[in-house]
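# Structural characterization, general
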Amino acid sequence: MEAFWISLAVIFVAELGDKSQLMAMTFATRFKPWPVLAGITLATAVVHLFSVGLGRIAGDLIPTTAITIVAGIAFLGFAVWTLRGDELTEEESQKAQRTTRSALIAVTVAFFLSELGDKTMLATITLATQHGWFGTWIGSTIGMVAADALAILVGRMLGKHLPEKVIKYGAAAAFAVFGILLLLEPVLA
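Owing to the predicted nature of the structure, the values given are computational and were not obtained by experimental measurement.

Here is what the cut-offs are and how they apply
Residues numbered from 1 in each chain as written. Predicted model: local features only at pLDDT ≥ 70, side-chain atom pairs only at ≥ 80, totals over all residues. Heavy atoms only, no water. Helix = DSSP H or I, 4+ residues; strand = E, 2+ residues; numbered from the N terminus. Buried < 20%, exposed > 50% of the residue type's maximum accessible area, 1.4 Å probe, protein only. Contact = heavy atoms within 4.5 Å. Areas by Shrake-Rupley, 256 points an atom, 1.4 Å probe, with all protein chains shown as cover. Axes fitted to C-alpha atoms, helices over the stretch in contact; angles between N-to-C directions. Parallel < 35°, antiparallel > 145°, perpendicular 65-115°, else oblique. Left-handed = near helix turned anticlockwise from the far one by under 90°. Nonpolar A, V, L, I, M, F, W, Y, C, P; charged D, E, K, R; others polar. Phe/Tyr/Trp six-rings, centres within 6.5 Å; stacked < 30°, edge-to-face > 60°. pLDDT = per-residue confidence, 0-100. Patch = residues over 30% accessible without salt bridge, like charges linked within 9 Å, V, L, I, M, F, W, Y side chains within 5 Å. Salt bridge = Lys/Arg side-chain N within 4 Å of Asp/Glu carboxyl O. Expected span 1.5 Å × (residues − 1). Core = buried A, V, L, I, M, F, W, Y, C linked by side-chain atoms within 4.5 Å.

### A word on the overall build of the chain
Within the chain, the secondary structure is distributed over 9 helices and 0 strands. Across the 189 residues in the chain, those meeting the buried criterion constitute 47%. Counting contacts in the chain only where the partners sit at least 6 residues apart, residues at least 24 apart contribute 94% of the total. Accessible area for the chain stands at about 9800 Å²; split by element, carbon and sulfur atoms hold 71% of it.

### Overview of the packing of helix H1 (residues 2-15) against helix H7 (residues 119-128)
Axis separation between H1 and H7 bottoms out at 10 Å; the angle between their running directions is 160°. In terms of orientation, H1 lies roughly antiparallel with respect to H7. Between H1 and H7 lies a crossing whose hand is right-handed. Of the residues in H7, those in contact with Ile-6, Ser-7, Val-10, Ile-11, Ala-14 and Glu-15 of H1 are Lys-119, Thr-120, Ala-123, Thr-124 and Leu-127. Residues that form the contact of H1 with H7 fall into these classes: 6 nonpolar, 3 polar and 2 charged.

### Description of the packing of aromatic side chains
One pass over the structure, following the stated rule, counts 4 aromatic pairs. Arranged with centres 5.6 Å apart and planes meeting at 85°, the rings of Trp-133 and Phe-134 form a pair that is edge-to-face. The exposure class of Phe-134 is partly exposed, given its relative accessible area of 48%. Seen in terms of ring centroids, Trp-133 and Trp-137 are 6.3 Å apart; in terms of plane orientation they differ by 25°. Their pairing is stacked. With Trp-133 and Trp-137 both in helix H8 (residues 133-158) and 4 residues apart, this pair spans about one turn of that helix. By the ring-pair criterion, three or more aromatic residues cluster together here, those being Trp-133, Phe-134 and Trp-137.

### Focus on the confidence of the model for the chain
On average, residues of the chain score 78 in pLDDT, and 77% of them reach the 70 mark or higher. Element-level pLDDT for the chain is lowest in helix H5 (residues 90-98), with a mean of 60, against a maximum mean of 90 in H1.

### A word on a nonpolar patch on the surface
A cluster of nonpolar side chains, namely Val-46, Ile-105, Val-109, Phe-112, Leu-113 and Leu-116, defines an oily patch on the protein surface of about 530 Å² accessible area. Examining the composition of the nonpolar patch, we find that 4 residues originate from one element, helix H6 (residues 103-115), more than from any other. With respect to the helices and strands, Leu-116 occurs in the loop between H6 and H7. By relative accessible area, Leu-116 is classed as partly exposed at 42%.

### Quick notes on H6
Given a rise of 1.5 Å per residue, 13 residues ought to cover 18 Å, and the 18 Å separating the end C-alpha atoms of H6 matches this to within 8%. Taken together, the buried positions of H6 are Ala-103, Ala-106, Val-107, Thr-108, Ala-110, Phe-111, Ser-114 and Glu-115. The first or second residue beyond H6 is Gly-117, which carries a positive phi of 80°.

### Here's the deal with the nonpolar core
Phe-27, Val-36, Ile-40, Val-107, Phe-111 and Ile-152 are the most contacted members of the largest nonpolar core, which has 21 residues in total. Of all the secondary-structure elements, those providing two or more residues to this core are H1, helix H2 (19-30), helix H3 (33-61), H6, H7 and H8. Among all residues touching Ile-40, those that are not within four sequence positions of it are Ala-24, Val-107, Phe-111, Val-145, Asp-148 and Ile-152.

### Remarks on H1
Under the 1.5 Å per step criterion, the end-to-end length of H1 is 20 Å for 14 residues, consistent within 8% with the ideal 20 Å. All of the buried residues along H1 are Ala-3, Phe-4, Ser-7, Leu-8, Val-10, Ile-11, Val-13, Ala-14 and Glu-15.

If you want it as structure tokens, here you go:
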């Protein structure tokens, strides 16, 4: 359960202000919300299953202290990445608006490709090095889908984006806190 809750919280925060949320909003303006959420869920489940597999392998091969230090540095990197921002390119936005095929297929493929190498994938790999793979997989998947569902809901109800600065600074601060705590763990142990 610990892996589930930690992964859910970390990935939810990581997803706030991410380009995936912008893609979710864009797809939701073109399609009904349920096929968009289903496509996001399918793509996320597959990408994060692959991610926890990589994390488990790394966790078994690398000493725990080294993993903790690398994870701390990675989370500080995620904080910087979040501050730098993540934008939906014009091409990605046009692709989401042009798509007329099945919403489920379009959203699944778009999200699968956009999440490969994304910070949420890297965060999931990092979490899986220290926590159980199943809880990390389910928690990270639900965290990402929940954040994207929030973006769809807010985008549809308010017709505008969440305040970007508040989201950006809040998510960056959360990553920095996680990173510092991880870096302090081997020192305090």
